Amino acid sequence: MFPQTFDYTAPTTLDEAVKLLGGGAKALAGGMSLIPMMKLRLASPEHLVDLGRIKELNYIREESGALHIGATATHYAVESSPLVRTKCPLLAETAAAIGDVQVRNMGTLGGAVAHADPSADYPAALQALEAKIVLRGAGGDRTVSAAEFFVDAFTTVLNEGEMVREVIVPVDTSGVSYQKVPQPASGFAMVGIAARVKKAGGKVTEARIGVTGLTNSSFRATAAEKALEGTNGSAADIQKAAALVAQGSDANSDIHASADYRKHLAVVYTGRALIAAMGRAQ
Amino acid sequence: MSSKKDRRPTKRPISRRTFLEGTGAVLVAAPVLQGQSPAGSPGVSADVSHRTIRLTVNGLARSIEVEDRWTLVEALRDHMRLTGTKIGCDRGECGACTVLVDGKPMYSCSQLAVWMDGRSIQTVEGLEKSGKLDSLQQAFIEHDAPQCGFCTSGQLMSAKAALTKNPRASRDQLRAAMTGNLCRCSNYHRYIEAASAAAGTPTVTPGAAFYDGNGTPVAKLKTVGRTTTRIDAKQRVTGKATYSGDIQLPGMLYARALRSPHPHARIKSIDTSKAIALPGVKAVITHENGKAVWGAGSIAGGRQYNEEVKKITTQKRYAFNNPVRCVGEPVAAVAAVNRHVAEEALALIKVDYEVLPFVMDPEEALKPGAVKIWPEGNLSPDVRNELKPITEKRGNVEEGFRASERIFEDRYTTAFEHNAQMEPRVSLAHWEGDKLTVYTPTGGIANCRNDMARDLGIPMANVRVVCQYMGGNFGNKNQNQDADLIAAMLAKQAGAPVKLELSRKEDFLGMHGRWPTTQYYKVGVSGSGELRALQLRGYSGMGPYRKNSGAIGGVELYHCEHVEARVHPVYTNKTTSGNFRGPEFPQGFYGIQSMMDDVAYKLKTDPVEFVRKNMVRDGGEASYTNYTLEECIRRGTEVFEWTKRWRKDPGSDAGPIKRGAGVAFVAFRAAVGRSSAICKVDAKGHYAVHVGVTDVGTGAKTTMGLIAAEALGVPLSQVDVVWGDTSSCPYSVGESGSRTTIMTGHAVVEAAQGLKKQIAEKGMPKGSDVWTSSVDANPTIPGGKVRNSFGAHFVEVEADTETGRVRISKYVAVHDSGRIMNPLTAVSQIRGGVIMGIGMALHEELRYDYRNGQPLTPGYYGQRVATHMDVPEIDVIFIENDDGYGPFGAKSIGEASKLPAVAAVANAIFNATGRRMKDLPIRKSRVLDALA
């Protein structure tokens, strides 16, 4: 089936794109969600602004202790970037876990973030990394934290006419791991856990746990983090902390996994992610 | 999280994931199921936004005008005529459309053509350089990578990119790189073997071993039995194989079908006036003006709809029915100058439905007061139009139970799983006067021709059916389909060729899949564990029509004096059920072999011993032309190391990962029967064998060539195989029931013998003479002996008791398929069947919302077909025999390979976890629930 007819513009500058978005056009990045949606007429934008030709949106660079990644960097670019792999391995590991090669070659970080699918992989890592997301609108840039950015299923703080410009993640030296339960055919995360752990003097000094797939929106499991911090990070400590990850969460339920099963998986995978992260922490 | 609860979004667009997996409420409510892309007529429409792009395609710089809404695959297939790139799902799930964009594999169905401005595209057609195949293509041929070939282009492009990036890519790296490419033939091992070979890092895979059955060596032959690459493999790896959807005829129109959004509804009226008035629309048909009884769609009692049956059956299925009885039934169809117009026209058809109550579960459907889908009720009548279950009786089962020391009862259920072949349904119909040609995916051109003539009321001589390549079959593609009738009626009305295309979703809902079953068993045994009585009461959900039998196979596997099986084929408002690889057996074998496995444990017996004691034996219920079941089990037990892997105490591993082993076996028909063949020779010594096969992916063309060459005593290179067109091929039994090699192969032997006799009498032909030997063979086996193939599967699983995940860690499949005609393709068949069986055991289901009768998972991701990442190593062992029947002793393979796999996996899960899994599929959550 086909998309409805639409106007198509491929600007080469960010300012041009923002102007068009202000006029009610829909941003198109990798199209891995939008194009099939348009073919099924689940989305019928009248005007598409293709961000793919805007060079100033496609970069990965290090600046003052952080990595800045442009919105149209593909999952493949993130996964294979030597910079990301060495300075923020959690994000590279997460990008490599997305979908399949065909999807990673075309799908973009900015597109995935803006789409805010509750089963997307990136949000777990961005929560755990306490990433910042830079948004561009007619009024210029504004920066929000990942925790603020993701509001609900397919819902973010992006306003009409606004777009994701870049994602900022810290240069990260903690032990990390991303562990997911993929819907085995599509690869989407039924539950995905991104864990970061720092250790000093045999104690866990910092723990960060990002969760995706469990609820309508990604989140940081702060109770579990707190329970782990200050402990030796033993198997028992990890288990105790992991048990808190789904506590009180309004877990999603669908034909792939019931709410209870998702919660159970979240606990098991938090344990596994923390064990792996702990093994990599100094 | 909870602090944001107040910010509920007002609008929730559906996600890629949601619609890919088919869970979306919006999708469910969509009133129209529409067809696949791409736009057909060459050139852009002036009134649609378009532009010129410059790109490089397979090394050639091109400038092409494209509509902004075109996808890349649409531009490639329709406007550049590069049809090697296939459309399997049209929504980024299956990978058949994979091409390289600037060297990177991407889904061309999910790319806009305008994006390609300034980019470089490589398609399968660009792999060959100056007439020389790429080494990867060569490896694909040598390692038998393409079965049906429909996913092959995509697999090639993904492998090519992976090897360009890393010429020494490992097996695991290749799997990860190719996992976006589904293969329903499940020939994943071969794809990885081929790509590894091209990488120069072939790893030894557990391959195949061949043993002579019953201790008698099978005499080696000259051609048959030698590893032979497929005679059409080159076409399949170059994109040159022409599938039905690749054909374009001059003046051809495109058709789309409007389908019912309701599980059960009466059509009060249909207003097509606006659709007819739309410029570009050439024909519109509904149940009012498109009346044709689709005989193959509702076979009385599971038997073919012949003239006799036609007279007595009261339940007719039409191409368009009123009332509609399941979601996805065709309600109207439109033919127009291009696909876009056809789809616009569908949206203009107004249908006024009276929504009726519906019933989804077969047992519910038989209860008093249940909604009646047919006036006679919901039990499907048999071939004599009597409302009786399918019954098989031997001895007196009540007496048997009285004589039993212990009696066990249990219930097992199995799910609807769609055939999910890679090629979506398509039909191209073309009338020339009163003569009809149909290009359609069918494994039975002769049967399809017969059916079209019968259903349209025209002489068979006026129908030609063509299918040169087919993208997978897996059951009941041996007749005509409603799509063929609809295309033919539209073409007649429009006075032009019409191509009707179904989307992947329409294919899932408008075709058929394996019937779901509920099975109640009662088993009586003696004190020493011998079967005394065996009773099955079964229910099969047929959907609203009886496309096939609805039987439940399995009781015949056991040696037992007192047997009674009563199976009720029941109408429901789900999608129609039909044959799918071993129609009634994988689900029945799962039920009965789980039941028997359970009985074995309850008697504290090794399941292998229990099988040995109670399995069907030669001279028991039947005498066989040869019998190797005992040997299959013995050999498998050894190779698998059963005593080492089997846990005497199920679930006794410490965990969290627990291992266990399971066994199941198969005895399956390999009967001889009627088919035809023609052999010819000309003065130059060129031989030709004409056979009515399509080769749905099994390698039938090559097998027929091998058999002919052997029987003629000439090399294969001297034999041309002519296939896939009723104008040049005689009757063939059709590719279903694992019969082609046996029946058509036997006809080839007879035809070849006839030709040899002519040559002996007259000498070789001279000048323009051609000697022809035409045979309609119908061999029989004297003495009432039964001819079966046999086998046994041994599986070890690892069950993760924390997550419920089951991984296959060891698999041994032992088969007696008689003499193996071509070891290369035979091994591919076995592995493919095993992987499908594992998928059926663990994942596959077309799920429904019983509250509204809506299907939830009509697609590859939804049904969860196996991927590259799901595939375990599989050891294949053949116990070879020549019992003197079939061509050189060949027996059945294709279905037999799937039949025991499901039960073997389920039994291994029991051994690992100590939990009997009584419902398919054995999802992770079910394993976990059972362990709780």
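Residues numbered from 1 in each chain as written. Chains lettered and ligands numbered in written order. Predicted model: local features only at pLDDT ≥ 70, side-chain atom pairs only at ≥ 80, totals over all residues. Heavy atoms only, no water.

### Remarks on the domain arrangement of chain B
Domain boundaries assigned for chain B yield domain 1 (27-126), domain 2 (246-356 + 426-440 + 481-501), domain 3 (615-669 + 785-931) and domain 4 (675-783). Taken over C-alpha atoms, the centre of domain 1 of chain B sits 28 Å from the centre of domain 2 of chain B. (Domains from an automatic or database assignment.)

### Some details on helix α26 (residues 924-931) of chain B
When we look at burial in α26(B), the residues that qualify are Ser925(B), Val927(B) and Leu928(B). Burial along α26(B) is one-sided: seen end-on, the buried residues are contained in an arc of 160°. Residues of α26(B) that are buried sit in contact with α12 (259-280) of chain A together with β29 (806-816) of chain B. (Buried < 20%, exposed > 50% of the residue type's maximum accessible area, 1.4 Å probe, protein only. Helix = DSSP H or I, 4+ residues; strand = E, 2+ residues; numbered from the N terminus. Arc of directions from axis to C-beta. Contact = heavy atoms within 4.5 Å.)

### A closer look at unusual backbone geometry
All names here are of chain B. The amide bond that connects Gly655 to the next residue, Pro656, takes the cis arrangement and shows omega of 5°. By the secondary structure assignment, Pro656 is in the loop between α20 (642-645) and β23 (657-669). Note the cis peptide between Leu920 and Pro921, where omega equals -10°. Topologically, Pro921 is positioned in the loop between α25 (901-913) and α26. With a phi close to 65°, Asn385 is a non-glycine residue in the positive phi region. If you trace the backbone, Asn385 turns up in the loop between α12 (362-365) and β12 (390-394). Even without glycine at this site, Glu641 takes up a positive phi of about 60°. With respect to the helices, strands and loops of the structure, Glu641 is situated in the loop between α19 (629-640) and α20. Assessed through its relative accessible area of 34%, Glu641 is described here as partly exposed.

### Notes on the confidence of the model for chain B
All names here are of chain B. Chain-level pLDDT for chain B is 92 on average; 94% of the residues reach the 70-or-more range. Confidence over residues 1-13 falls short of pLDDT 50; this stretch has 24 contacts with residues more than four positions distant or in other chains. The low-confidence segment residues 21-41, where pLDDT is below 50, has 91 contacts with residues more than four positions distant or belonging to other chains. Confidence metrics for the complex model read pTM 0.94 and ipTM 0.93. (pLDDT = per-residue confidence, 0-100.)

### Remarks on the pattern of salt bridges
All names here are of chain A. One pass over the full model with this rule turns up 77 salt bridges over all chains. One salt bridge connects Asp141 with Arg165, and the closest N-O pair in it is separated by 2.8 Å. Placement of the pair is Asp141 in strand β7 (residues 140-145) and Arg165 in strand β10 (residues 163-170), with a sequence separation of 24 residues. Look at Asp141 and you get partly exposed, because its relative accessible area is 38%. (Salt bridge = Lys/Arg side-chain N within 4 Å of Asp/Glu carboxyl O.)

### Structural notes on the side chain of Arg236(B)
Residue and element names in this part refer to chain B. Relative to the assigned elements, Arg236 resides in helix α8 (residues 233-238). At a separation of 2.8 Å, a polar atom in the side chain of Arg236 contacts the side chain of Asp232. Not counting residues within four places of it along the chain, the set of residues in contact with Arg236 comprises Pro146, Gln147, Cys148, Gly149, Thr152, Ala241, Tyr243, Tyr469, Asp695 and Lys701. (Polar contact = N/O pair within 3.5 Å; in protein donor to acceptor, adjacent residues only side chain to side chain.)

### Here we look at the sheet that holds strand β18 (residues 498-501) of chain B
Residue and element names in this part refer to chain B. One open sheet holds the seven strands; their spatial order is β9-β10-β7-β18-β15-β16-β17, and the pairing between them is mixed. The sheet terminates laterally at β9 (281-286) and β17 (463-466), the two strands that pair on one side only. Within this sheet the neighbouring strands show an average axis-to-axis angle of 20°, counted without direction. With four bridges connecting them, strand β15 (residues 426-432) and β18 associate as antiparallel partners. What sits directly across from Val426, in β18, is Glu501. Against the sheet, helix α11 (residues 339-348) engages β7 (253-259), β9, β10 (330-336) and β18, with an angle of about 25° to β7. (Pairing = 2+ DSSP bridges. Axes fitted to C-alpha atoms, helices over the stretch in contact; angles between N-to-C directions.)

### A look at helix α3 (residues 72-79) of chain B
Residues and elements named next belong to chain B. A large share of α3 lies buried, amounting to eight of its eight residues. By the burial criterion, the buried members of α3 are Leu72, Val73, Glu74, Ala75, Leu76, Arg77, Asp78 and His79. In this structure, the buried residues of α3 make contact with β1 (50-57), β2 (60-67), β3 (98-101), β5 (120-122) and α11. Positioned one or two residues after α3, Arg81 has a phi angle of 55°, which is positive.

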